[in-house]
Amino acid sequence: MVNMIIDGKNVTARKDTMLLEAIRGAGISVPTLCAHESVSRSGACRLCVVEIKKGNRTRIVTSCLYGVEEGLIVNTKSERVLNVRRLVMELLLARCPESDVLQKMAEDMGIEAQTRYAVDTDKGKCILCRSCVRVCEEVVGVSAIGLFSRGSYKEVGTPYHEPSDACIGCGACVYVCPTGHIEMTSTGETRKIWGRTFKMQACTKCGKYFAPVDQLKFISKKTGTSIDELAVCTECR
Amino acid sequence: MSGNTDKQSHAILDNLTLYYGPKRKFVAICAGTGCRAYGSLKVKDALEAELKKQNMADVDVLATGCLGFCEKGPMMIIHPDKYFYQSVKESDIPEIVEKTIGRGEAISRLLYRHPETKKTLFREEDLPFYKKQLRAVFGKNGMIDPSRIEDYFAIDGYQALAKVLAEMTPEQVISEVKKAGLRGRGGGGFPAAVKWEGVRKAAGEPKYVIANGDEGDPGAYMDRSLMEGNPHSVIEGMIIGAYAVGSNHGYIYVRNEYPLAVENLSKAIEAARANGLLGKNILGTDFSFDIQINKGAGAFVCGESSALFASIEGRAGEPRAKYVHAVDKGLYDKPTVLNNVETWANVPLIINKGADWFASIGTEGSKGTKIFSLVGKINNTGLVEVPMGTTLYEIIYDMGGGITGGRKFKAVQTGGPSGGCIPESLLDLPVDFDRLYEVGSMMGSGGMIVMDDTSCMVDVARYFLEFLKEESCGKCVPCREGVRRMSEILEDICAGRGREGDIELLETMSAAIADGSLCALGGSAPNPVLSTIRHFREEYEAHIRDHRCPAGVCKALISYNIDAEKCTGCGVCVKVCATKAITGELKKVHTIDNEKCTRCGACIQSCKFDAIYVK
C-alpha cells in the first residue's frame, strides 16, 4: 500500500494501481471520457488531469495513466487542472455540438460553450477517444476498425471506409462509445453497422434473434464450441 | 569486456593506411544537397574529366558533404593551398585545373570578396562567415568523401572507439561524457550521460541505442548535413554509446525525404561492417553491436521519442504518456537511449580530445559547440557551428552577414515550430539551452529563421500554428482541437476578423494546451504565439483594433497606393497587373483599384520610380 494526500485527505491505495482509481476510491469525482473499464488506457481525452506535487515540483499529469506513489500530494481541482478541463470541454463542445452527453457533462462542470470557436458540422459525435478501436482490438480481437489520418483530419472507421470482412458485427464498439456516435441499426433479422449488413441468428430454442451469425462463427472458431451449441441464446442456455 | 584486447584493436586501426599527407593535392567539392541543387555534381564530373585531359588524374576529387556556406555554392577547396572558390561553374573548370591545380595560382574572380572591405580572401578560414566559427563537429565534412571510410580513418576516425574498447570500462565512458557536460542537441537539452547511465543500470534486455535523424523543423538541415557529410561520426558515436550502456542493437531513424542521408548512412554502415567496426566482435573484442536504418515517412511528430518508438515498431507514429521513461521502457518496452544525430557526432570528439577540452568550450550550463542553420532574410544562408554562448548578434551579423538588402532586423525564430521569436532588443543574448528558454524560445535542433521589417509577427505565428495543426498526430484533445482553434483565431486576426479579447483568449488557451497536451509537440505548440505576443503585442493590437498590418504583409489589411509625386505615368505597372486593377493615362498619375487588387506585389517589383507603396 502507498500513502498519498489527495485534496488534503490522507489516502491509501494499492501499489501498482493508477491515481484515477485512488482518487475515485477516496470518493472524489474526476471526469473521464476515454477511460473505459474494459479497455487499456490511452490518455487521449485529458479530462482526468490532476496536479501532483513531488518535493518542490508540481506538474499536471493524467491520473488514468499515472501510477500511485508514496508521499504524492495530489490536487484534483487546482486552477491549472480546471483550466485544462475547461479547455477540453469547450473544444469538444465545438467539435460535437450535437452530443447530449457532452452538454450534460459540461453543465455538471459549470462550463459553457466557447462562442469564439466555429462549430464543426462534419464530426458527428465522435470525440476520438478511441475506446471503440481499443475494444475491437483488445477485447474482440478482430481490429476491424482503426484510426486513420492525422491531426484534426483523424477519423475512426474501417479501412478506406469500405465494409470490412474482419468485422463480426458484435457491436462492442457501440457499447463502449461514450457519446453514442457509432450507428447500429437492427431489423431483428439483420443488423447494420459500419456499412455492412449482418444476418442475425435466431435462437434454436426460443426463436429470438440474438447475435450476428458471423460473431457466432468467430466465437466457435476461437473457442472450439460447435455452432449448434452457440445458436442457443444466453437466456435459453 | 575490454582490457586484454587493447593491442589487438589498435593494431587493426594502425593497418588502415593514412590517406592524406599535409602536402597532398586534392580538391574538396561540396556535394551536399544544397550545392547539388546548384549543379555541383556536374562541376565535379567536369573537374574529373578535365584532370584526366590535362594529365593530372592523380589529383583526388572529394565529393564532400555540406561545407556550410550554402549561399555561395557550388564551392570547392583546393588543397594543399586551401583556396576557397565559390559559385563555381562548369566553364570555370579548365582554368581551375590549369592554373590553380597545375600551377598553384589563385583565380581572383572565384575567390570571396569581403562585402565591406572589398578585399579578396583566399582561404576558408579568412572568410567572415567561417572566421568566428568553431567547427569541431561539422568542419570535418570538408575532408571526407562520405562514401569512403578511408577518408574518415585519415582524420582519426574510429580512434575514439578503439580507445574506448581498449582502455575504458563502460562506466568510465559514461563518466567522461558526464564530465564533458554533453547535453542533447535535439531540443530538450537533457544531459546525455544521465540517459546512458539510466539505461546501463536499467533492468531488461535487449537494450537499444537510437539516433534520432527525424529532423523536421522548417528550415533546419544540420542533422541532414551531418548524416550526409560525415555518417561515420554518427555511427562511431553510437557504437561508443552502445558499449557504454551495454547494447547490441541500434537504429538510425531518418526521414525518407533525406535520400542522400539514407544512401550515405547505408554505405557507411556497410563499410563499417566490412572493417570489423560493426557486427560481431568489434575490433576483435567480445563486444558486438550492429545498426539498422529505419526510414520515417516524414511526420513531424515522429521526432518525439515515444512516437518514434511506435514508428519503428511498425505502428502509427503517436506518442504515449511517458510517466515511465524511455530509459526503462522505450523501444519495444526495453531500456533505450535515444539521442539526436548531432549529439552522437559529438561523442567521438569527447573521447578523442577529452572531457576537459569539451567542457572548456561553451557556457556554464551548455558545453561544446552547436550547429545552427541560418535561413530567412539573411545574407549568408548556411550552416554555422559556434561555441555555446555565442551571441545572436555574432551569429546573425558577423557570420550571417546581416540582413538581405540592408533592411532592418526584426526577429529571429529559434527552435523550430516549438520555439519562439526573439526581438532585436535581445540580440546580445548568448545562445545556450537555458538562456533561450528564459526568453520564451528554445534551442530546438538549432534552426534560426531570420526576419526583417517586412515580416509580420502575427503572420509568422499563424504560419507555425498552421504547420503544427497539420502535424499534430490527433491523439489528444488539447493539441488536436486546441492548436486547430488557435490557428483559426490567428487566421481571423490576419484576415481582419480579429476580435477584442482574442489576445487574452490565445494566452489562456496556450496555458491550458501547454499543461494538458500528451506530448511535447502540443506542450510547446503555443510557443510561437506566446513569444510573439510577449515581444510584439502591439502588432497583434494593430491587427485587431486598427485593422492594420504594420509590416504590410496581411493582404486583407493592406492597400496598394500610388505616390502622385513619384509616378511618371510610364504604364509599366498597368502591363504587369494581372487583375487590371491599375488604370491611368500615359504620362499621367495612375491609380489602383483596391477592390480588384490582389496585393500580389508585381506592380511594386516593376515600378522603377518606387511610386507604389503599401499602406
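**Student:** Could you give an account of the interface of chain A and chain B, with specific residues and numbers?
**Tutor:** The interface of chain A with chain B comprises 28 residues on the first partner and 29 residues on the second. Contributing elements (two or more residues each) for the side of chain A that touches chain B: β4 (57–62) and α2 (79–95) of chain A. For the side of chain A that touches chain B, the element with the most residues is α2(A), which contributes 8 residues. In the side of chain A that touches chain B, the residues fall into 16 nonpolar, 6 polar and 6 charged.

**Student:** Any details on the domain arrangement of chain A? Residues and values, ideally.
**Tutor:** A common way to express how large an interface is: the accessible area buried when the components associate. Residue and element names in this part refer to chain A. You can read the domains of chain A as domain 1 (2–109) and domain 2 (131–230). Inter-centroid distance (C-alpha atoms) of domain 1 to domain 2 is 31 Å. Contacts between the two partners involve 11 residues from domain 1, matched on the other side by 9 residues from domain 2. Broken down by class, the residue content of the side of domain 1 that touches domain 2 amounts to 6 nonpolar, 5 polar and no charged.

**Student:** Kindly report on the environment of Val173(B), identifying the contributing residues and their values.
**Tutor:** Residues and elements named next belong to chain B. Mapped onto the elements of the fold, Val173 is located in helix α8 (residues 170–180). Taking the C-alpha atoms as reference points, Val173 and Gly187, separated by 14 residues in sequence, lie 23 Å from one another. Sequence-distant contacts of Val173, defined by excluding residues within four places in its chain, comprise Val164, Met168, Ile240, Tyr243 and Ala244.

**Student:** Provide a residue-level description of helix α6 (residues 213–223) of chain A, including the pertinent values.
**Tutor:** The complete set of buried residues in α6(A) reads Asp214(A), Gln215(A) and Leu216(A). Just downstream of α6(A), Gly224(A) is the residue with a positive phi angle, here 85 degrees.

**Student:** So, the sheet that holds strand β3 (residues 49–54) of chain A: which residues are in play, and what are the values?
**Tutor:** Note on sheets: strands pair through backbone hydrogen bonds, and any given pair is parallel or antiparallel. Residue and element names in this part refer to chain A. Reading across from one edge, β2-β1-β5-β3-β4 is the order of the 5 strands in this open sheet, with mixed pairing throughout. Two strands in the sheet have a free side with no partner beyond their single neighbour: β2 (9–13) and β4. The mean angle between the axes of side-by-side strands here comes to 35 degrees, regardless of whether they run parallel or antiparallel. Alignment of β3 against β4, held across 6 bridges, turns out to be antiparallel. Along β4, the bridge assignment pairs Lys54 with Arg57. On the sheet, α2 packs against β3, β4 and β5 (73–75) and is oriented at approximately 155 degrees with respect to β3.

**Student:** So what about unusual backbone geometry? Which residues, and what values?
**Tutor:** Cis rather than trans, the peptide bond between His79(B) and Pro80(B) has omega equal to 10 degrees. Omega for the peptide link from Glu205(B) to Pro206(B) comes to -5 degrees, which places this bond in the cis form. With respect to the secondary-structure elements, Pro206(B) resides in the loop between α9 (192–201) and β7 (208–213). Its identity is not glycine, yet Trp194(A) carries a phi of approximately 50 degrees, on the positive side. With respect to the secondary-structure elements, Trp194(A) resides in the loop between β9 (190–193) and β10 (196–202). C-beta crowding within 10 Å serves as the criterion here: with 22 such atoms nearby, Trp194(A) is assigned to the buried category. Backbone geometry places Lys587(B), a non-glycine residue, at a positive phi of 65 degrees. By the C-beta count within 10 Å, which is 10 here, Lys587(B) ends up exposed.

**Student:** Lay out helix α4 (residues 93–103) of chain B with the relevant residues and their values.
**Tutor:** Residue and element names in this part refer to chain B. What α4 keeps buried is the set Ile93, Ile96, Val97, Thr100 and Ile101. Seen end-on, α4 carries its buried residues on one side only, within an arc spanning 120 degrees. Residues of α4 that are buried in the fold lie against β1 (26–30), α3 (40–53), β3 (76–79) and β4 (83–85). After α4 finishes, the residue Gly104 shows a positive phi value of roughly 75 degrees.

**Student:** Report on the pairing of β10(A), specifying residues and quantitative values.
**Tutor:** Residues and elements named next belong to chain A. Bridge count for β9 against β10 is 4 bridges, and the pairing is antiparallel. By the bridge assignment for β10, Ile193 is matched with Arg196. What sits between β9 and β10 in their antiparallel hairpin is a turn of 2 residues, with Trp194 showing a positive phi close to 50 degrees. Note that β10 and strand β11 (residues 209–212) share 3 bridges and pair antiparallel. Bridged to Ala202 within β11 is Tyr209. Where β10 folds back on β11, the antiparallel hairpin that results is connected by 6 residues, among which Gly207 adopts a positive phi of roughly 85 degrees.

**Student:** Which residues make up the sheet that holds β1(B), and what are the values?
**Tutor:** Residues and elements named next belong to chain B. Sheet architecture is open: 4 strands sit in the order β2-β1-β3-β4, paired in mixed fashion. The sheet is open, and its two borders are formed by β2 (60–64) and β4, each paired with just one other strand. Between one strand axis and the next, the sheet turns by 20 degrees as a mean value, whatever way the strands run. In this structure, β3 lies alongside β4, joined through 3 bridges in antiparallel fashion. Bridge pairing in β4 links Ile78 to Tyr83. On top of the sheet, α3 reaches β1 and β2; it is set at about 160 degrees to β1, its chief contact.

The rules behind each value
Residues numbered from 1 in each chain as written. Chains lettered and ligands numbered in written order. Predicted model: local features only at pLDDT ≥ 70, side-chain atom pairs only at ≥ 80, totals over all residues. Contact = placed C-beta atoms within 7 Å. Helix = DSSP H or I, 4+ residues; strand = E, 2+ residues; numbered from the N terminus. Nonpolar A, V, L, I, M, F, W, Y, C, P; charged D, E, K, R; others polar. Domains from an automatic or database assignment. Buried ≥ 20, exposed ≤ 12 C-beta atoms within 10 Å, placed from the backbone. Pairing = 2+ DSSP bridges. Axes fitted to C-alpha atoms, helices over the stretch in contact; angles between N-to-C directions. Arc of directions from axis to C-beta.

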